[in-house]
Amino acid sequence: MSSYLVTCTPAHGHVVPLLQIARHLLSRGHEVSFLTSRRYADRVEAAGARFVALPPEADIDLDDADGAFPEREGLTGPAALRFDMSTLFVRPGAAQLAAVRAELAARPVDAVLTEPLFVGAALLQLLPVQERPPVVVLGIFPLGARSRDTAPFGLGVTPLPGPIGRLRNAFLRTVAERVIFGGVQREADAMARREVGRDLGGFVLDWAGRADAYVQFTVAEFEYPRADLPASVHFAGPLPSTPSAVELPAWWSDLDGTRPVVHVTQGTIANSDFGQLVLPTITALAAADVLVVVSTGGRPVDALAGTLPANVRVAEYLPYDRLLPRVDAMVTNGGYGGVQQALAQGIPLVVAGQTEDKVEVSARVGWSGAGVNLRTSTATPRQVARAVDLVLTRPSFRADAGRIGAAMRAADAWRALDGVLDDLGDRQVALADRTQRRPVR
């Protein structure tokens with residue numbers, strides 16, 4: 001039995017998959033402590049893990065960042081990116097590290113498991129390996145490992161093969177690190193020097209590739225090829241879908257296979273404005289011979305004001321384990337988990353997401369051939385109608401989605417994760433043994 005500390009920034013989309021991982025570790029008999037916001041204490045304890053609270057200065061509600069920081073509202077483009085990286089992720093890093101150190105002093109663990117935006121873990125891994133447990137990054141959004149074969153993470157720029165592509169990537173990397181995020185990087189390095197006595201060791205968005213292990217929860221088929229991929233990166237396959245207890249809506253029998261089913265969702269967080277994607281999709285397909293199935297992500301069904309077309313069915317939540325096998329195409333704003341659940345079923349996609357990690361998810365959908373990337377966060381009905389028609393009628397989209405789905409179904413995320421953790425444990429034992437045998441000089 002091993003003991004693990006899971007660290008997570010206070011965001012619903014980060015906490016939920018890490019809780020799934022925590023439950024798996026607990027099922028194997030391991031001890032798990034979970035460091036995150038007090039808002040998630042009940043959910044952590046319900047999963048069976050020991051809850052550890054972030055200090056107030058690091059307990060930011062990332063799902064309502066505008067409420068926490070009114071000055072953020074209205075920012076767009078590079079200014080918004082800089083604000084988020086600095087205020088929401090870098091600045092809490094010192095308090096995060098202090099909480100991790102306090103926890104490790106009280107309860108030593110075999111490894112710290114973290115998601116890539118928990119900067120406190122980036123600071124921890126700067127310490128000598130003899131002074132800390134291994135740091136394992138849990139890749140719950142697209143792979144952020146630095147590579148000469150890819151553009152900097154966050155730009156949504158797809159690979160360009162050959163020497164020209166590498167020159168382009170180097171140029172974009174310089175612009176990103178020294179111009180767009182230059183101030184953020186200097187702030188992160190200064191914090192690292194204060195906390196651990198050395199610079200961060202590279203670009204702040206690339207730190208996960210320098211961790212002891214990086215378990216990426218997808219398959220290589222849904223990631224950009226990198227000739228210089230760090231040996232620490234392990235593709236595990238997507239997190240397994242879990243059976244849903246959501247009650248079936250009264251209209252469920254309409255999903256009888258007589259018409260193609262198009263599912264549209266904006267997820268459970270970025271759904272305050274259905275005018276971005278859900279309503280344009282409803283309008284676009286109102287006269288089409290398809291059944292449009294809408295999930296409001298927990299918002300009341302009547303939030304979709306007005307009379308809905310006859311081919312639309314709506315529910316607050318839908319059981320994906322039962323819905324997706326009946327879906328022919330999915331329209332989404334690019335949440336990593338939902339996209340991968342669809343791909344695992346071989347469903348072609350239409351994606352419209354250009355914020356947070358969604359810009360990278362959307363870029364991978366278009367690059368892989370598994371769907372159409374609309375390259376916007378606010379789609380028009382015309383854009384949606386054309387894209388849905390393409391993924392339903394052009395066989396290549398379903399073929400590429402099926403290819404990726406087959407790889408996902410063949411993967412075993414839990415076996416891969418367990419293997420990485422067991423290997424790290426063996427290496428820690430060997431390191432301790434070498435340290436004990438080292439001659440005194």
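Use the structure listed above.
Conventions we followed
- Residues numbered from 1 in each chain as written.
- Predicted model: local features only at pLDDT ≥ 70, side-chain atom pairs only at ≥ 80, totals over all residues.
- Heavy atoms only, no water.
- Helix = DSSP H or I, 4+ residues; strand = E, 2+ residues; numbered from the N terminus.
- Rg over C-alpha atoms; globule rule 2.2 N^0.38 Å.
- Contact = heavy atoms within 4.5 Å.
- Areas by Shrake-Rupley, 256 points an atom, 1.4 Å probe, with all protein chains shown as cover.
- Pairing = 2+ DSSP bridges.
- Axes fitted to C-alpha atoms, helices over the stretch in contact; angles between N-to-C directions.
- Core = buried A, V, L, I, M, F, W, Y, C linked by side-chain atoms within 4.5 Å.
- Buried < 20%, exposed > 50% of the residue type's maximum accessible area, 1.4 Å probe, protein only.
- Phe/Tyr/Trp six-rings, centres within 6.5 Å; stacked < 30°, edge-to-face > 60°.
- Lys NZ or Arg CZ within 6 Å of the ring centre and 35° of its normal.
- Right-handed = clockwise from strand over helix to strand, strands pointing away.

Undergrad: Would you mind going over the overall build of the protein in detail, with residue names and values included?
TA: What the protein contains, in helices and strands, is 15 helices and 13 strands. For the protein, whose C-alpha radius of gyration is 22 Å, the value lies close to the compact-globule estimate of 22 Å for 441 residues. Taking the contacts inside the protein whose residues are at least 6 apart along the sequence as the reference set, 64% of them involve residues at least 24 apart. When the accessible surface of the protein is totalled, it reaches about 19200 Å², and 52% of it is carbon and sulfur.

Undergrad: Before we move on, can you summarise the sheet that holds strand β7 (residues 233-235) with the specific residues and values?
TA: Taken together, seven strands build an open sheet; the order of strands is β3-β2-β1-β4-β5-β6-β7 and the sheet is parallel. Two strands close off the open sheet at either side, each with one partner strand: β3 (50-53) and β7. Neighbour-to-neighbour, the strand axes of this sheet turn through a mean angle of 25°, independent of strand direction. Taken together, the four bridges between strand β2 (residues 31-36) and β3 define a ladder with parallel strand orientation. Bridge assignment links T36 to a residue of β3, and that residue is A53. Strand contacts of helix α1 (residues 12-27): β1 (3-7), β2, β4 (111-114) and β5 (135-139), with the helix running at about 165° to β2, the strand carrying the most contacts. Running over the sheet, helix α5 (residues 93-106) touches β1, β2, β3 and β4 and is turned about 165° from β1.

Undergrad: Which residues make up the nonpolar core, and what values go with them?
TA: In this structure, F34 and F217 are the most contacted members of the largest nonpolar core, which totals 115 residues. Excluding residues within four positions of it along the chain, F34 makes contact with V6, C8, V15, L18, L19, A22, V44, A49, R50, F51 and V52.

Undergrad: Kindly report on the packing of aromatic side chains, identifying the contributing residues and their values.
TA: For the structure shown, the criterion picks out four aromatic pairs. Consider the rings of F181 and F203, whose centres lie 5.9 Å apart with planes at 45°: the pair is tilted. With F181 in the loop between α7 (162-180) and α8 (182-196) and F203 in the loop between α8 and β6 (213-216), the pair connects residues that are 22 residues apart, well separated along the chain. As far as burial versus exposure is concerned, F181 and F203 are alike and both buried. Over the ring of Y224 we find R364, and its NZ or CZ is 4.2 Å from the ring centre.

Undergrad: Let's hear about the pairing of strand β9 (residues 291-295): which residues, and what values?
TA: β9 sits mainly inside the fold: five of its five residues count as buried. Here β9 shows two buried faces, one formed by L291, V293 and S295 and the other by V292 and V294. Two strands pair when backbone bridges link them, and β9 and strand β10 (residues 312-315) are joined in this way by four bridges, in the parallel orientation. Bridging across to β10, V294 finds its partner in V314.

Undergrad: So, helix α12 (residues 358-368): which residues are in play, and what are the values?
TA: Counting buried residues along α12, nine of its eleven residues qualify, which places the element largely inside the surrounding structure. Residues of α12 that are buried include every one of K358, V359, E360, V361, S362, A363, R364, V365 and S368, and no others. For α12, the secondary structure elements touched by its buried residues are α11 (336-344), β12 (349-351), β13 (371-373) and α14 (395-410). Once α12 ends, the next one or two residues include G369, with phi positive near 85°.

Undergrad: Can you tell me about the pairing of β4, naming the residues and giving the values?
TA: The side-chain alternation of β4 yields two buried faces, one formed by A111 and L113 and the other by V112 and T114. Pairing of β1 with β4, which is carried by four bridges, proceeds in the parallel orientation. Each bridged residue has a counterpart across the sheet, and for Y4 the counterpart in β4 is A111. By the bridge criterion, three bridges tie β4 to β5 in an arrangement that is parallel. Note on β5: the bridge partner recorded for L113 is V136. For the handedness criterion, the β-α-β arrangement of β4, helix α6 (residues 119-124) and β5 is classed as right-handed.

Undergrad: Tell me about the environment of A387, and name the residues and values.
TA: Along the chain, A387 turns up in helix α13 (residues 381-393). In the structure, A387 is positioned 38 residues away from L349 in sequence and 8.9 Å away in space, judged by C-alpha atoms.

Undergrad: Requested: an account of the side chain of T281, with residues and values cited.
TA: Structurally, the position occupied by T281 is in helix α9 (residues 278-284). Of the residues examined, T281 reaches a relative accessible area of 0% and is grouped as buried. Those residues in contact with T281 that sit more than four places away from it in its chain are V264, V331 and V384.

Undergrad: Help me get a handle on the side chain of Q96, residues and values and all.
TA: Relative to the helices and strands, Q96 is located in helix α5. Here Q96 is in contact with T9, L54, A58, F118, V119 and G120, once residues within four sequence places are set aside.

Undergrad: An account of the environment of A411 is requested, with residue identities and associated values reported.
TA: Within the element layout of this structure, A411 appears in the loop between α14 and α15 (413-437). Given a relative accessible area of 28%, A411 falls into the partly exposed group. C-alpha separation for the pair A411 and R326, spaced 85 residues apart in sequence, amounts to 22 Å. If we ignore the near neighbours within four places in the chain, the residues touching A411 are V219, A236 and G237.

Remember that the coordinates give geometry; whether it matters functionally is a separate question.
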